[in-house]
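Structural overview for review
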Amino acid sequence: MRSKKYVLSTLLLLFPLLLAAHGVSASDQELLNNGGLLSYIYVGAKHMITGYDHLLFLAGVIFYLKGFKDIVRFITVFTIGHSITLIGATYLGIKANEHLVDAVIALSVLYKGFENLGGFEKYIKVKSPNLLLMVLIFGLIHGFGLSTRLQSFDVGTSQFLSKIVCFNIGVELGQVLALIPIVFIISFWKSKRSYKAFYKAANVYLIIAGTGLFLYQLYGYFNGH
C-alpha cells in the first residue's frame, strides 16, 4: 500500500510537467491569423486541455461530489461563471496582470484541496463555505484568467465578438474532453479499498500544487517574466 501511494504521489507531481503547453504561442497566433473562426475553437479547446490549473481545481470539485447529476450541476455553474468573465472582460477590454490572476487561480486549487481534507472544520473551526457559491466565484476568476490569455493574442477587430464566443466554445469542448478521464479515474477509484489513501494523497497534492503555482506566479510578477 505504501509503495502504491509513493507511485501515485510521483505521478501526480509529474502531472503539471506533462501539461507545460499551457499559455500562448507564436504557432497559435499564426493559426488564428489564417484559420478563421474554427481556429479560435481549436485554440480555446487546446488552452483548456493544457490548463492544468483549471483542471486541478475541477478535479478537486469532482472529489467532493456524489453522482453524475451533482457533477453536471457544479460544472454547469463553473462554466457559466468563466463564460461571463471570459466573454465580458475580453469584449470590454478589461485587463489585469496575468501573473496576479493566475496566482488567485492557484489559490483556488489550494483552497479546494484544503476544503476536501476538512481543513475548515479541523483548523479554523468553521463550516466550509457553500460549495456551489464558491465554484461560481472561482469560475468568474478562472474566466478572467482565460480572458487575459485570449487578450494576449492579436485578434483584430473583424468579427471580434464571434471570435471571443468561438474561443469560449472551444474552452467548453476542451473542458468536457479533459473531464471525461478525470471523472472516470475518480469514479473508478471510489470502489477500491485504496480510495481513502488515493483521496488523501490527491488532495494533499492539490494543496502542494496550488502553493507552488501561487509562488511561481508571484515570482513571475515581481521579476517581470
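So, here is what we can say about the structure in this document. (Residues numbered from 1 in each chain as written. Predicted model: local features only at pLDDT ≥ 70, side-chain atom pairs only at ≥ 80, totals over all residues. Heavy atoms only, no water.)

By the secondary structure assignment, Tyr195 is in helix 10 (residues 195–223). Apart from residues no more than four positions distant in its own chain, Tyr195 is found in contact with Phe63, Ile186, Trp189 and Lys190. (Helix = DSSP H or I, 4+ residues; strand = E, 2+ residues; numbered from the N terminus. Contact = heavy atoms within 4.5 Å.)

At Lys125, a position not held by glycine, the phi torsion is positive, near 65 degrees. Inspection of the secondary structure assignment puts Lys125 in the loop between helix 7 (119–124) and helix 8 (131–150). With relative accessibility at 65%, the residue Lys125 sits in the exposed group. The backbone phi angle of Gln159 is positive, close to 50 degrees, even though this residue is not glycine. With respect to the element layout, Gln159 can be found in the loop between helix 8 and helix 9 (160–190). (Buried < 20%, exposed > 50% of the residue type's maximum accessible area, 1.4 Å probe, protein only.)

For the rest of this paragraph, the subject is the pattern of salt bridges. Going through the model one piece at a time under the given rule, you end up with 4 salt bridges. As a salt-bridge pair, Arg73 and Asp70 come within 3.1 Å of each other at their nearest N and O atoms. Of this pair, Arg73 and Asp70 both sit in helix 5 (residues 68–92), 3 residues apart, which is roughly one turn of the helix. (Salt bridge = Lys/Arg side-chain N within 4 Å of Asp/Glu carboxyl O.)

On to the packing of aromatic side chains. Tallying each qualifying case throughout the model produces 14 aromatic pairs. Look at Phe57 and Phe138: their rings are 5.4 Å apart centre to centre, the planes differ by 70 degrees, and that puts the pair in the edge-to-face class. Here Phe57 is found in helix 4 (residues 52–64), whereas its partner Phe138 is found in helix 8, with 81 residues between them in sequence. With respect to burial, Phe57 and Phe138 carry one shared label: buried. Of the aromatic side chains, those joined through ring pairs into one cluster are Phe57, Phe78, Tyr111, Phe114, Phe120, Tyr123 and Phe138. (Phe/Tyr/Trp six-rings, centres within 6.5 Å; stacked < 30°, edge-to-face > 60°.)

For the rest of this paragraph, the subject is a nonpolar patch on the surface. A contiguous nonpolar patch, built from Tyr91, Leu92, Ile94, Leu161, Val165, Ile169 and Leu173 and spanning about 640 Å² of accessible area, is present on the exposed surface. Within the residue set of the nonpolar patch, elements represented by two or more residues are helix 5 and helix 9. In terms of residue count, helix 9 provides more of the nonpolar patch than any other element does, 4 residues in total. As for its position among the elements, Leu92 is in helix 5. The class of Leu92 is exposed, set by a relative accessible area of 62%. (Patch = residues over 30% accessible without salt bridge, like charges linked within 9 Å, V, L, I, M, F, W, Y side chains within 5 Å. Areas by Shrake-Rupley, 256 points an atom, 1.4 Å probe, with all protein chains shown as cover.)

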